[in-house]
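# Descriptive analysis of the structure
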Amino acid sequence: MKLLVQSDDYGITRGTARGTIRAIQNGPVRNTGLFANMPWAEEVTGWIRPYLECISFGIDLNMVNGPSVLGYSEVPSLCHENGMFLNIRENRQLDNEENGRDHVDSEQLYREFRAQIERYISLVGNEPDYVHPHAYQTKKTEAVIRKLAEEYRIPYSMDFAKLNDAVLPSMGWYSFGTMEQQLNEEPLNYLLEDRAGYLHHEYGYLITHCGELDSDTLHLPFNICRLRDLEAMSDPRLKQWIDQNGIELITFRDIRNQII
């Protein structure tokens, strides 16, 4: 079978970027997406550049972490006056019955996400290998991302579902809980026991959130679980499982023509 292994949130913090690179060096991660809006995006792009020939480097389109690329004057519905995005909780509080549980200003979001893609291009030197949604998702955010994917002719990660006989994104080991609950997560056992059923299908899609802890990462909703994911991805037993089962690691570049 063919397995696409992705580590989300590259560059949401420097610690997450460092952890993702370790998962590329020592594990099966072959796909990751840049947070192009972060102030250190240029720095972490430099870190991953030596690996770009062997991975798919995409973009995580983000409207809930860090600063807006365009700023409050251009996209006031998306951020505070200081230019920092509304967080997930603040966005969900704005969703109500009157606006159909979807308050997003589609035009402003389109301009912001397009600016993030253009910043990616200026940093990396080419278009992203794929686009991926981050965290807060609604019908409007989905429509905006799809529109941009079509305009740039970039694969949209969720279109993995177009593949025949595919196991869709699986994160079945996450507790989404406290640090203690995250410490008890078992991503390695989840994979070695094939609880998602990858081995019974032609294609599988595995999403992880690898990272090292630093002061910025500790403030993310996912923090300890990033360490657990990195430990699992770097464990020799996972490599052995991949080899024993004849699993082929693939990237979005490999399946581009099938899903675009």
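Up top is the structure these notes are about.
Let us look at the structure shown here. (Residues numbered from 1 in each chain as written. Predicted model: local features only at pLDDT ≥ 70, side-chain atom pairs only at ≥ 80, totals over all residues. Heavy atoms only, no water.)

With 13 residues, helix α1 (residues 14-26) ought to run about 18 Å at 1.5 Å a step, and its terminal C-alpha atoms sit 18 Å apart, in line with that. Taken residue by residue, α1 has Gly15, Thr16, Ala17, Gly19, Thr20, Ile21, Ala23 and Ile24 as its buried positions. If you follow the buried residues of α1, they end up packed against β1 (2-10), β2 (31-34), α2 (41-48) and α8 (224-234). (Helix = DSSP H or I, 4+ residues; strand = E, 2+ residues; numbered from the N terminus. Expected span 1.5 Å × (residues − 1). Buried < 20%, exposed > 50% of the residue type's maximum accessible area, 1.4 Å probe, protein only. Contact = heavy atoms within 4.5 Å.)

Turning our eyes to something else, we now look at the pairing of β2. Side-chain direction in a regular strand flips from residue to residue, so the side chains alternate between the two faces of the sheet. Of the two faces of β2, the one holding Asn31 and Gly33 and the one holding Thr32 and Leu34 are both buried throughout. As judged from the 3 bridges shared by β1 and β2, these two strands associate in the parallel manner. In the sheet register, Ser7 faces β2, and the bridge partner there is Thr32. Taken together, β1, α1 and β2 form a β-α-β motif whose crossover is right-handed. As defined by bridge partners, β2 adjoins strand β3 (residues 56-61) across 4 bridges and the pair is classed as parallel. The residue of β3 that forms the bridge with Asn31 is Ser56. Between the parallel pair β2 and β3, the chain is carried across by α2, and the sense of this crossover is right-handed. (Pairing = 2+ DSSP bridges. Right-handed = clockwise from strand over helix to strand, strands pointing away.)

This part takes up the packing of aromatic side chains. Following the criterion strictly, the structure yields 8 aromatic pairs and no others. Ring plane angle 85° and centroid distance 5.7 Å describe the contact between Tyr10 and Phe57, whose orientation is recorded as edge-to-face. Residue Tyr10 is found in strand β1, and its partner Phe57 is found in strand β3; the two are separated by 47 residues along the sequence. Of the two residues, Tyr10 and Phe57, both sit in the buried class. (Phe/Tyr/Trp six-rings, centres within 6.5 Å; stacked < 30°, edge-to-face > 60°.)

Nonpolar side chains in soluble globular proteins generally cluster together in the buried interior. One finds Met63 and Met233 to be the most contacted residues of the largest nonpolar core, which totals 64 residues. Not counting residues within four places of it along the chain, the set of residues in contact with Met63 comprises Leu78, Phe85, Leu86, Asn91, Val104, Leu109, Phe113, Tyr136 and Thr141. Core analysis: the next-biggest nonpolar cluster, separate from the first, contains 11 residues, Leu163, Ile207, Phe252 and Ile255 among them. (Core = buried A, V, L, I, M, F, W, Y, C linked by side-chain atoms within 4.5 Å.)

Okay, helix α9 (residues 236-244) next. Along an α-helix, a turn takes 3.6 residues, which lines up residues three or four apart on a common side. Where α9 is concerned, the buried positions are Leu238, Trp241 and Ile242. Across the axial projection of α9, the buried residues extend over an arc of 100°, all falling on one side. Facing away from the buried side of α9 by more than 90 degrees, the exposed set consists of Pro236, Lys239 and Gln244. Tucked into the core, α9 has its buried residues touching α7 (187-192), α8 and β7 (248-250). Gly246, located one to two residues past α9, shows a positive phi value of around 60°. (Arc of directions from axis to C-beta.)

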